[in-house]
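Take a look at the letters that make up each chain.
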Amino acid sequence: IFVSCLSLAAVVQAHPLSPLIVNPNNHHSYLLLDAASWKDSEAEAVVLGGHLATIRNRAEEDWIFKTFGSYGGNQHLLWIGLSDTVKKFHFSWSSGESASYTDWAPGEPNNVGNGEDFVAIYYPNHDQANKWNDWNDRVADPIGLPMNGVVEIIPPETANASNATNFANSL
């Protein structure tokens with residue numbers, strides 16, 4: 001029971017800042033979480049029926065960045081579902097999808113301090129805006145800007161069609 005309470009307490013820390021917003025290009029629903037660590041944000045995403053966002057192409061990345069990077073008039077670093085916790089420098093999506101698209105900032109990923117396992121998109125006013133960096137599991141960047149998870153919820157009919165397409169492509 002003690003472990004369950006701790007897990008629940010961690011999940012409660014990352015609540016939605018935005019309503020669900022549908023991406024018109026892929027019909028997936030997204031929302032921005034309050035500032036929290038990557039692990040807490042992913043746990044909350046699962047509770048909400050999704051995962052931290054999987055970025056499949058430039059158009060999807062640009063939509064997420066434009067929609068949430070300065071949401072509410074504030075700058076946000078955006079946690080996405082990419083990490084290398086299983087094997088260093090072998091990044092995978094928390095959704096289980098393959099990591100075929102990436103958009104790293106120059107010199108990234110670099111695993112500074114041997115603890116940068118989680119990926120976020122830089123905020124709009126950064127000189128590497130809309131590029132990716134690997135970070136340790138934190139709530140804010142070194143200058144105090146929040147790290148906010150972007151949750152992606154895939155409607156069941158879209159997920160089933162995607163799984164069928166992936167299966168057909170594997171044949």
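Note that the structure is a prediction, hence the values are computed from the model and not measured. Within each chain, residues carry numbers counting from 1 in the order of the written sequence. Per-residue local features are limited, in this predicted model, to residues with pLDDT of at least 70; the limit for side-chain atom pairs, both in listing and counting, is 80 or more; totals at the level of whole chains, interfaces and linings are taken over all residues. Heavy atoms from the whole structure form the basis of all side-chain values; hydrogens and water molecules are not counted.

### So, the pairing of strand S2 (residues 29-35)
The side chains of a regular strand alternate, residue by residue, between the two faces of the sheet. Relative accessibility decides the category of a residue: with a 1.4 Å probe and only protein chains considered, values under 20% of the type maximum give buried, values over 50% give exposed, and everything between is partly exposed. For the purposes of this entry, the term helix denotes a DSSP run of H or I that reaches at least four residues, the term strand denotes a run of E that reaches at least two, and both are numbered from the N terminus. The element S2 is largely enclosed, with a buried count of five among its seven residues. Alignment of strand S1 (residues 21-22) against S2, held across two bridges, turns out to be antiparallel. When the sheet's bridge partners are listed, Ile-21 is paired in S2 with Tyr-30. One requirement defines pairing of two strands: DSSP has to find at least two bridges between them. Between S1 and the antiparallel strand that follows it, S2, lie six residues; His-27 among them carries a positive phi value of about 65°. Across five bridges, the pairing between S2 and strand S8 (residues 147-153) is antiparallel. By the bridge assignment for S8, Tyr-30 is matched with Glu-152.

### Focus on the environment of Gly-49
By the secondary structure assignment, Gly-49 is in the loop between helix H2 (38-47) and strand S3 (51-52). When its relative accessible area of 53% is taken as the criterion, Gly-49 is described as exposed.

### Focus on the side chain of Asp-117
By secondary structure assignment, the location of Asp-117 is in the loop between strand S5 (92-93) and strand S6 (118-121). Residue Asp-117 is classed as buried on the basis of its relative accessible area, which comes to 16%. In what follows, residue pairs with any heavy atoms lying within 4.5 Å of each other are defined as contacts. Excluding its chain neighbours within four sequence positions, the residues that come into contact with Asp-117 are Leu-82, Ser-83, Asp-84, Thr-85, Lys-88, Phe-91, Asn-111 and Trp-135.

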